Amino acid sequence: MIKVGIIGSTGYAGAEIVRLITQHKEAEVVWYGSRSYIDKKYADVFANMFQIVDAKCLDDNMDELAEAVDVIFTATPQGLCGSLVNEEILKKVKIVDLSADFRIKDVNVYEKWYGIEHKSPQFIEEAVYGLCEINRDKVKGARLIANPGCYTTCSILTIYPLVKEGLIDPKSIIVDAKSGTSGAGRGAKVPNLFCEVNENIKAYGVTTHRHTPEIEEQLGYAAGEEVVINFTPHLVPMQRGILVTAYANLKEKVTYEQVKACYDKYYKDEQFVRVLEKDVCPETRWVEGSNYVDVNFKIDERTGRIIMMGALDNLIKGAAGQAVQNMNILFGLAENEGLNQIPMFP
């Protein structure tokens, strides 16, 4: 059995890792790390784990943790993993980091957008961006995985085939995205209170959202040139889900069949990316509780643009599920092990 340690196990993403690994046939959680709940029973924090998890929460001592496990998941705020990781730890254990600490290759860009100093920039270059469907081969031999963000996973997978094949102008991309409130984390914040969120929808981080450079960098690799986008996220009154609607100018006139073939080229063998039938728009309710991403598109012949759409569960494929998928690849397991949950409805 693969021994798993989690730093940040009592956040929303960390709790999802616990839930997924508890159902995993070849892995087990042996370290439930949580600064906020040290020595408290995990099932007292999350009662859904009553009589399922009998362990107590431990601290986030990564040096000690590296001696006890095969892989560490860090489901923590930005800056923590970067402040804890070192060469001795990476010699002993694989790390899948769910924060942004190692996603962006230019440390200056990271520090500008996140407003903090990077404590271990020496590991940025070797870290592999763990978007499994695109970087699977790079993930296989990695020591340090930068698990992509939820907005970025949905945005990149929705747009990637058309950028890669050169069908759209990469400097014309506009991404309009909407997220459920769990994407903001479990910490108490007034803007996320029920009365603030319920019966409301709002844009936030307009022109400044931290996932912008991550999306631009990854699509830039696909395009082979610099990509600059407009990215506007919105908060909607639901618990889970990301919906992306992206717009771009087509370079030339294309048919539905040509674009569909483009998506199929990259995703026809991917279990977790579902290209929907013609004229069917992705909906968050059809991916909730699962590791699936639903994508589709619509050509607007009148304007010469294409509308690309994607939906995923921000806590699973947008965080914990993708992290487990990366772990499976790292250890040579079936990529879907522990991740075959059918989307929940209602």
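The present account deals with the structure reproduced in this document. Remember, it's a predicted structure, so these values are computed and weren't measured experimentally. (Residues numbered from 1 in each chain as written. Predicted model: local features only at pLDDT ≥ 70, side-chain atom pairs only at ≥ 80, totals over all residues. Heavy atoms only, no water.)

Here we take up the overall build of the protein chain. Of regular secondary structure, the protein chain possesses 12 helices and 13 strands. Its C-alpha atoms give the protein chain a radius of gyration of 20 Å, within 12% of the compact-globule value 20 Å for 346 residues. Principal-axis analysis of the C-alpha atoms gives the protein chain an extent of 60 × 45 × 40 Å. Across the 346 residues in the protein chain, those meeting the buried criterion constitute 54%. (Helix = DSSP H or I, 4+ residues; strand = E, 2+ residues; numbered from the N terminus. Rg over C-alpha atoms; globule rule 2.2 N^0.38 Å. Buried < 20%, exposed > 50% of the residue type's maximum accessible area, 1.4 Å probe, protein only.)

Here strand 3 (residues 71-74) shows no split at all, with Val71 and Phe73 on one side and Ile72 and Thr74 on the other all buried. Here strand 3 runs beside strand 4 (residues 94-97); their pairing, made up of four bridges, is parallel. By the bridge assignment, Ile72 is partnered in strand 4 with Ile95. (Pairing = 2+ DSSP bridges.)

Taken as a whole, this structure holds 23 salt bridges when the rule is applied. Residues Glu88 and Lys91 are paired through a salt bridge, measuring 3.6 Å at the closest nitrogen-oxygen approach. Linking Glu88 with Lys91, this pair stays in helix 5 (residues 87-92), spanning three residues, or about one helical turn. Residue classification places Lys91 among the exposed residues on the basis of a relative accessible area of 57%. Each of Glu16, Arg19, Arg240 and Asp313 takes part in salt bridges that share partners, so that together they form one network. (Salt bridge = Lys/Arg side-chain N within 4 Å of Asp/Glu carboxyl O.)

Moving on, we get to the side chain of Thr212. If you trace the backbone, Thr212 turns up in helix 10 (residues 212-223). Beyond its immediate chain neighbours, meaning those up to four positions away, Thr212 contacts Trp113, Ile229 and Phe231. (Contact = heavy atoms within 4.5 Å.)

We now examine helix 1 (residues 12-22). Every α-helical turn comprises 3.6 residues, leaving residues that sit three or four positions apart pointing alike. Where burial is concerned, most of helix 1 is hidden: eight out of the 11 residues are buried. Among the residues of helix 1, Ala13, Gly14, Ala15, Glu16, Ile17, Val18, Leu20 and Ile21 are the ones counted as buried. The elements touched by buried residues of helix 1 are strand 1 (2-7), strand 2 (27-33), helix 2 (42-45), strand 3 and helix 12 (316-330).

Moving on to the sheet that holds strand 5 (residues 128-129). Pairing within the open sheet is parallel, and its six strands lie in the order 2-1-3-4-6-5. The open sheet terminates on both sides in strands that have one partner only, identified here as strand 2 and strand 5. Bridge count for strand 1 against strand 3 is four bridges, and the pairing is parallel. Residue pairing across strands places Gly5 opposite Ile72, the latter belonging to strand 3. Across the sheet, helix 12 touches strand 1, strand 2, strand 3, strand 4 and strand 6 (144-146), and the angle it forms with strand 3 is around 160°. (Axes fitted to C-alpha atoms, helices over the stretch in contact; angles between N-to-C directions.)

Judged by nonpolar contacts, the single largest core of 42 residues is most densely connected at Val4, Ile21, Tyr42, Phe73, Val96, Leu98 and Met327. Contributing elements (two or more residues each) for this core: strand 1, helix 1, strand 2, helix 2, strand 3, helix 7 (132-140) and helix 12. No other element matches helix 12, which puts seven residues into this core. Look past the residues within four positions of Val96 in its chain and what remains in contact with it is Val71, Ile72, Phe73, Thr74, Ile145, Asn147, Ala323 and Leu330. Counting residues in each nonpolar core, the second largest holds 41 residues, with Ile156, Leu162, Ile168 and Ala246 among its members. (Core = buried A, V, L, I, M, F, W, Y, C linked by side-chain atoms within 4.5 Å.)

Another point: the packing of helix 8 (residues 150-164) against helix 11 (residues 256-267). For any two helices packed against each other, the geometry comes down to the angle between their axes and how far apart the axes lie. In contact at an axis separation of 9 Å, helix 8 and helix 11 are set at 110° when each is read in the N-to-C sense. On the basis of the axis angle, helix 8 is roughly perpendicular to helix 11. Seen from above, helix 8 lies across helix 11 with right-handed handedness. Across the interface between the two elements, Ile156, Leu157, Thr158, Tyr160, Pro161, Leu162 and Lys164 from helix 8 touch Val259, Cys262, Tyr263, Tyr266 and Tyr267 from helix 11. (Parallel < 35°, antiparallel > 145°, perpendicular 65-115°, else oblique. Left-handed = near helix turned anticlockwise from the far one by under 90°.)

Tracing the chain through its elements places Thr74 in strand 3. Setting aside residues no more than four positions away along its own chain, Thr74 makes contact with Ile7, Met62, Cys81, Ile95, Val96, Asp97, Leu98 and Ser99.

Backbone torsion omega between Phe345 and Pro346 reads 0°, so that peptide bond is classified as cis. Assignment of secondary structure puts Pro346 in the segment after helix 12. Of note, Glu199 is a non-glycine position whose phi angle comes to about 55°, a positive value. The residue Glu199 is located in the loop between helix 9 (194-197) and strand 8 (202-203) in this model. Accessibility expressed as a relative area gives 72% for Glu199, which makes it exposed. The backbone of Asp279 sits at a positive phi, close to 70°, despite the residue not being glycine. With respect to the helices and strands, Asp279 occurs in the loop between strand 11 (273-275) and strand 12 (293-300).

Attention shifts here to the environment of His118. Within the secondary structure, His118 sits in the loop between helix 6 (107-114) and strand 5. Residues contacting His118, with those up to four places away along its chain left out, are Asp101, Phe102, Val107, Tyr110, Glu111 and Ile124. A polar contact is formed between the side chain of His118 and the backbone oxygen of Asp101, at a distance of 2.5 Å. (Polar contact = N/O pair within 3.5 Å; in protein donor to acceptor, adjacent residues only side chain to side chain.)

Limitation: the analysis is restricted to geometry and does not speak to function.
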